[in-house]
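Below, each chain spelled out in residue letters.
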Amino acid sequence: MHKSLAKITQLMKRTITIGLLGTVLAVAVGFISTNAISATPFLMAGNEFSPNESAYMIGHVEYTVRGDDGQVKQYVQGDNDIVQRGKDCAAQRIFNATDNTGIGTSVCAFSGDGFNFIAIGNATGTIDGTETQLDSSGADGEIDRTPGTVTIDTSGPNTIATITTATPFAFTSISSTTVQQSGLFDDGTATSGNMFAMRNALAIPVTSADTLAVTWKITLGS
């Protein structure tokens, strides 16, 4: 009787073990099946926001002052601010040049050939990125605006657009002043157009015998 009871007990344990194993397998299979339905959307979302597909746009600007002997008197360089209007107009021009939604009717009219006009000024106030000119508060303001020569370099991993003053700024009508601001615009007239980028607080002194060359570089990379 004892041997029979022991065999029955062992058989019951095996049955319970097999039953538990079957339950675990069923739950696992159900879990895998449930998640298999959502596997593709998750993978697609991961690919959609891949860091390899991110992009940036930054600006860098250089200033070279030369005296009447042609020698370099001062060299200044640094990053600049790409203003909101510049971003808005760039996006509009790339994707839909006739769509002014959220920007304003005829704000980005694109009458010129792009953001290839460089302006300098001697005011020290704040520049609003929606303005058509550099700060004009008080007696100071935008001194001059000139066309730039544009070159686009696609040889490297990043695309670089370079805008350089075709002719350096001259100050023959000014005895002396301090260049404080510069901006990149899409129109040669100070009362129209849009600002793409700007630099403030330059503090570059110049005299009537000096010339100032400005080089703007816009890098589009990833």
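Residues numbered from 1 in each chain as written. Predicted model: local features only at pLDDT ≥ 70, side-chain atom pairs only at ≥ 80, totals over all residues. Heavy atoms only, no water.

Trainee: I'd like a description of the overall build of the protein chain, backed by residues and values.
Mentor: Along its length, the protein chain carries two helices and twelve strands. Moving toward the C terminus, one meets the helices and strands of the protein chain in the order α-β-β-β-α-β-β-β-β-β-β-β-β-β. Per-residue burial for the protein chain yields a buried fraction of 32% across its 222 residues. Of all intrachain contacts in the protein chain linking residues separated by at least 6 positions in sequence, the fraction that spans at least 24 positions is 66%. When the accessible surface of the protein chain is totalled, it reaches about 13,500 Å², and 58% of it is carbon and sulfur. (Helix = DSSP H or I, 4+ residues; strand = E, 2+ residues; numbered from the N terminus. Buried < 20%, exposed > 50% of the residue type's maximum accessible area, 1.4 Å probe, protein only. Contact = heavy atoms within 4.5 Å. Areas by Shrake-Rupley, 256 points an atom, 1.4 Å probe, with all protein chains shown as cover.)

Trainee: Got a sec to walk through the pattern of salt bridges? Specific residues and values, please.
Mentor: Tallied over the full model, the rule gives two salt bridges. With a shortest N-O distance of 3.2 Å, Lys73 and Asp210 are connected by a salt bridge. One end of the pair, Lys73, is in strand 2 (residues 72–79); the other, Asp210, is in the loop between strand 11 (204–207) and strand 12 (211–221), with 137 residues separating them in the sequence. We note a salt bridge from Glu142 to Arg145, for which the minimum N-O separation is 2.9 Å. Side by side, Glu142 and Arg145 carry an identical accessibility label, which is buried. (Salt bridge = Lys/Arg side-chain N within 4 Å of Asp/Glu carboxyl O.)

Trainee: Quick one: what's the story with the environment of Asn80, residue by residue and with numbers?
Mentor: Here Asn80 lies in the loop between strand 2 and strand 3 (81–82). Taking relative accessible area as the criterion, Asn80 reaches 10% and is therefore assigned buried. Residues Asn80 and Ala197, spaced 117 residues apart in sequence, show a C-alpha to C-alpha distance of 6.8 Å. Beyond its immediate stretch of four places on either side in the chain, Asn80 contacts Gly59, His60, Val61, Ala197, Met198, Arg199 and Trp216. From its side chain, Asn80 meets the backbone oxygen of Gly59 in a polar contact 2.9 Å long. (Polar contact = N/O pair within 3.5 Å; in protein donor to acceptor, adjacent residues only side chain to side chain.)

Trainee: How would you sum up the nonpolar core? Please name residues and give values.
Mentor: If you look at the biggest cluster of nonpolar residues, it comprises 25 residues, and the most contacted ones within it are Leu212, Val214 and Trp216. Elements supplying a minimum of two residues to this core: strand 1 (56–66), helix 2 (84–95), strand 4 (117–121), strand 10 (195–199), strand 11 and strand 12. Per element, the largest residue contribution to this core is four residues, and it comes from strand 12. In this structure Leu212 touches Tyr63, Thr64, Val65, Ile120, Pro168, Phe169, Phe171 and Val179, once residues within four positions along its chain are discounted. (Core = buried A, V, L, I, M, F, W, Y, C linked by side-chain atoms within 4.5 Å.)

Trainee: With reference to specific residues and values, describe the pairing of strand 5 (residues 142–153).
Mentor: With five bridges connecting them, strand 4 and strand 5 associate as antiparallel partners. Each bridged residue has a counterpart across the sheet, and for Ile120 the counterpart in strand 5 is Asp144. Sheet topology note: the strand 5/strand 6 (residues 159–165) ladder contains six bridges and is antiparallel. The partner of Ile152 across the bridge, within strand 6, is Ala161. Connecting strand 5 to the next strand, strand 6, in antiparallel fashion are five residues. (Pairing = 2+ DSSP bridges.)

Trainee: Hey, could you go over the packing of aromatic side chains for me, with residue numbers and the actual values?
Mentor: Using the criterion set out here, one finds one aromatic pair in the structure. For the ring pair Phe115 and Phe196, a centre distance of 5.0 Å and an interplane angle of 45 degrees mean the geometry is tilted. Of the two residues, Phe115 is situated in the loop between helix 2 and strand 4 and Phe196 in strand 10; the sequence distance between them amounts to 81 residues. (Phe/Tyr/Trp six-rings, centres within 6.5 Å; stacked < 30°, edge-to-face > 60°.)

Spatial relationships are all this shows, so hold off on functional conclusions.
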